[in-house]
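# Results of the structural survey
Residue strings, one per chain:
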Amino acid sequence: MSTAVYQKEWYWRNRERVLAANRERYHTEPEYRLLKLQQKATYKKEHKGEVDLRDALYRRTHKDEIKVRNAVSYKKRDSEKEATRRAVYYQQHRDVIRQRVKQWAKAHPEKVRQYATVKNPLRRAYRLGLPGHLTLEQWRAIKVAYKGKCAYCGKRTKRLTIEHVIPISKGGGTLPDNIVPACYSCNSSKGNREPILMPAIRLLV
Ligand SMILES: [Zn+2]
């Protein structure tokens, strides 16, 4: 029996064991995980159309499963225990995680630039222990709801800033309900004043 054939046979006889060992490595060795993720990304790049098609088909045929899985993982993410576990994991794998984030950021400069808009206010809220939840999509929807205009002076501008109706310094969180678009000059003139001292927020029509 040739070596290649023997190796193939060995693999199929021990497949479950090999896969389990690889899975174990994936979850315990950050370097191995990084390597696998890179391999996956390379494969995806080289077989782009094929992978997209397969993913789309999978999403269409497994809708309910995906929904359940997302709900479960959301619940898991939400729990305090999970938060602690993630913090510990981050401390232990900080360098690898940072490297991975850096690589991703380098490959997606446009996404990074767009995300910075919501990331900064979210971070400010988070630092003060205030609720923070605002996706880029929600911020876009808020701007559309205000027809791309400043909520205070009504000026139409492409450079709308995220404005907290109740300022972060007064305990207002970075939440869709507490956010309006404001032009740069209205946002900076409002500062920490309560909305009641500001020109009325224009009603949505
Ligand atoms: Zn304005």
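Scroll up a little and you will see the structure.
In this report, we go over the structure that sits alongside the text. (Residues numbered from 1 in each chain as written. Predicted model: local features only at pLDDT ≥ 70, side-chain atom pairs only at ≥ 80, totals over all residues.)

### Structural notes on unusual backbone geometry
Under the convention used in this document: In this description a helix means any DSSP run of H or I spanning at least four residues, a strand means any run of E spanning at least two, and both kinds are numbered starting from the N terminus.
Here the phi dihedral of Lys147 falls at roughly 55 degrees; this positive angle occurs in a residue that is not glycine. As for its position among the elements, Lys147 is in the loop between α9 (136–145) and β1 (161–164).

### Section: the environment of Ile168
The line we're drawing: Here, residues touch in the contact sense if the C-beta positions derived from the backbone fall within 7 Å of one another.
Among the structural elements, Ile168 can be located in the loop between β1 and β2 (179–182). Measuring from C-alpha to C-alpha, the distance between Ile168 and Leu128 comes to 8.3 Å, with 40 residues separating the pair along the chain. Setting aside residues up to four positions removed in sequence, Ile168 forms contacts with Arg124, Ala125, Leu128 and Leu130.

### What to know about the environment of Asp95
If you trace the backbone, Asp95 turns up in helix α7 (residues 94–107). It is 25 Å that separates the C-alpha atoms of Asp95 and Tyr43, two residues lying 52 residues apart in sequence.

### What about the nonpolar core?
What counts here: As used here, a nonpolar core is made of buried Ala, Val, Leu, Ile, Met, Phe, Trp, Tyr and Cys residues. They are joined through C-beta atoms within 7 Å. The exposure scheme places C-beta atoms from the backbone and then counts, for each residue, the other C-beta atoms within 10 Å of its own, assigning buried at 20 or more, exposed at 12 or fewer, and partly exposed in between.
Among the nonpolar cores identified, the biggest contains 15 residues, and Cys150 and Ala182 are the most heavily contacted of them. Ignoring any residue separated from it by four or fewer positions in sequence, one finds Cys150 in contact with Lys155, Thr157, Leu160, Pro181, Ala182, Cys183 and Cys186.

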